Amino acid sequence: MPGVLFVTWDGGGNLPPALGIAAGLRERGHRIRFLGHAQQRGPIEAAGFGFTPYAHARPWSSADPVASPADIISMFTDRGPGTDLLAEASREPPAAVVIDCLSLGALQAASRAGLTRAVLAHTYYRYLAGHWSPGPVGQAARLDGLHPVRLWESADLLLIATDPGLDPAPGGGWPASARQTGVVQPAPLPRDRPDGARPRVLVSLSTTFFPDQEHALQTIIDALGGLPVGAVVTTGPAIDPARLRPAASTELHGYLPHADVMPRMSLVVSHGGHATAMRALAHDLPLLIMPMHPLLDQEMIGDSVASQGAGLVLPATAPPGQIAAAVTGLLGPGPRAAAARLGAALRARDGAGQAADELAALLARTTAAR
């Protein structure tokens, strides 16, 4: 039976939803393989999937400094992934391809080749269609003959892996091909925070390099060091932990699995990436969100969480006193209750299972048509 080919790129939080959906398809009897940047081999093969690295894509690592905005635009509009997609599809024809929404070159190649294709939108679609596509990257893409919204909404299936309460449908409704599945994430582990215990705060900014992120992380550490809390700080691959000055109450790590550590936390300080924010809420944790880039989805995600009473948004340049005051307020009963309400809503939907069901239905329709 022909399998399903997932096409991804090294963007950090975009990979876990793809792996979750792929696992759901595998449980339904489908064969899965991935195409992506070479450094993604480890987590993809650890999840039990076959992997082929790009041969023609531009070099890219989310942990490396970006030389210029043009480099970012070139990554999203790169035709190399499309070349590799067609080569892989020729070597072993798939029943369908599932392509990351931001890999525009791969989406165009699949469209022109007439492949059955699904698009995976792994953050708010109102951000993608309303901000990213009209913004600098989308404008540059259209000048290069790549039309993001057209590529997304002309696919056989558009999977929007977001929560309807935080990412509501636009006024005109979703496009015909769209299915909002709910957030794709592992089931939260049981709570491991004894009542009355000293609050613990997880600090986890982006795995992607941002110029001011190291300074912001140090400021957060300094702010938490003056509060009666414990801090668990993960730096990710973009920052060397040795460059930071931990406070006495700080645990400093390069990496910790969020799913393992969040059950023991009381609050998360994040940059506002969709994957981290949704996982925190699924564990009933309020969020202090400090966006690291004004053109990305982080501010919108922060504002949506804050509007529900489950978080606050501060600029990346906020001083220690402002951060400390925000953390103190978020540890109160109101934000905790709001986060628990959102967490219950997120846990009520099986995003991975619903997305896998939609893909399985697409495969069945395609097989019947053939």
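Residues numbered from 1 in each chain as written. Predicted model: local features only at pLDDT ≥ 70, side-chain atom pairs only at ≥ 80, totals over all residues. Heavy atoms only, no water.

An account of the overall build of the protein chain is needed here, citing residue identities and associated values.
Of the regular secondary structure elements, the protein chain holds 15 helices and 13 strands. Computed over C-alpha atoms, the radius of gyration of the protein chain comes to 20 Å, within 12% of the 21 Å expected from 2.2 N^0.38 for 370 residues, which places it in the range of a compact globule. Summarising its shape, the C-alpha atoms of the protein chain cover approximately 65 × 40 × 40 Å along the three principal directions. For the protein chain, with 370 residues in total, the buried portion stands at 54%. Of all intrachain contacts in the protein chain linking residues separated by at least 6 positions in sequence, the fraction that spans at least 24 positions is 64%. (Helix = DSSP H or I, 4+ residues; strand = E, 2+ residues; numbered from the N terminus. Rg over C-alpha atoms; globule rule 2.2 N^0.38 Å. Buried < 20%, exposed > 50% of the residue type's maximum accessible area, 1.4 Å probe, protein only. Contact = heavy atoms within 4.5 Å.)

Before we move on, could you go through the side chain of Thr77 and cite the residues and values that matter?
Mapped onto the fold, Thr77 is located in helix α3 (residues 69-77). Separated by 2.8 Å, the side chain of Thr77 and the backbone oxygen of Ile73 make a polar contact. Aside from chain neighbours lying at most four places away, what touches Thr77 is Ala141, Asp144 and Leu146. (Polar contact = N/O pair within 3.5 Å; in protein donor to acceptor, adjacent residues only side chain to side chain.)

Hey, could you go over the packing of helix α9 (residues 213-225) against helix α13 (residues 320-330) for me, with residue numbers and the actual values?
At a minimum axis distance of 8 Å, the contact between α9 and α13 shows a crossing angle of 60 degrees. With respect to their mutual orientation, α9 and α13 come out oblique. In the crossing of α9 with α13, the sense of the turn from one axis to the other is right-handed. Of the residues in α13, those in contact with Thr219, Ile220, Ala223 and Leu224 of α9 are Pro320, Ile323, Ala324 and Val327. Tallied by class, residues from the contact of α9 with α13 come to seven nonpolar, one polar and no charged. (Axes fitted to C-alpha atoms, helices over the stretch in contact; angles between N-to-C directions. Parallel < 35°, antiparallel > 145°, perpendicular 65-115°, else oblique. Left-handed = near helix turned anticlockwise from the far one by under 90°. Nonpolar A, V, L, I, M, F, W, Y, C, P; charged D, E, K, R; others polar.)

Which residues make up the pattern of salt bridges, and what are the values?
A complete count under the given rule lists 15 salt bridges for this structure. When the shortest N-O distance is used, the salt bridge between Asp167 and Arg126 registers 3.5 Å. You can see Asp167 sitting in the loop between β6 (157-160) and β7 (178-180) and its partner Arg126 sitting in helix α6 (residues 125-132), a full 41 residues away along the chain. Accessibility expressed as a relative area gives 33% for Arg126, which makes it partly exposed. (Salt bridge = Lys/Arg side-chain N within 4 Å of Asp/Glu carboxyl O.)

Provide a residue-level description of helix α7 (residues 136-143), including the pertinent values.
Listing the buried residues of α7 in full gives Val137, Gly138 and Ala141. Along the long axis of α7, the arc covered by the buried residues comes to 95 degrees, so they all point the same way. Next to the buried residues of α7 lie α3, α5 (104-113), α6 and α8 (148-153). Immediately beyond the C-terminal end of α7, within one or two residues, lies Gly145, with a positive phi of roughly 85 degrees. (Arc of directions from axis to C-beta.)

How would you explain the packing of aromatic side chains if you had to name every residue and give the values?
On inspection of all chains with the given rule, the structure shows seven aromatic pairs. Their ring planes at 65 degrees and their centres at 6.1 Å tell us that Tyr125 and Trp174 sit as a pair that is edge-to-face. Taken as a pair, Tyr125 in helix α6 and Trp174 in the loop between β6 and β7 lie far apart in primary sequence, 49 residues in all. An aromatic cluster of at least three residues, connected via ring pairs, comprises Trp9, Phe76, Tyr125, Trp132, Trp152 and Trp174. (Phe/Tyr/Trp six-rings, centres within 6.5 Å; stacked < 30°, edge-to-face > 60°.)

Could you give an account of the sheet that holds strand β4 (residues 96-100), naming the residues involved and the relevant values?
Backbone hydrogen bonds hold the strands of a sheet together, and the pairing may be parallel or antiparallel. Read across the open sheet, the seven strands follow the order β3-β2-β1-β4-β5-β6-β7; overall the sheet is parallel. Among the strands making up the open sheet, the edge pair consists of β3 (50-53) and β7. For this sheet, the mean angle separating the axes of adjacent strands, direction not counted, is 20 degrees. Sheet analysis places strand β1 (residues 4-7) next to β4, joined by four bridges and oriented parallel. (Pairing = 2+ DSSP bridges.)

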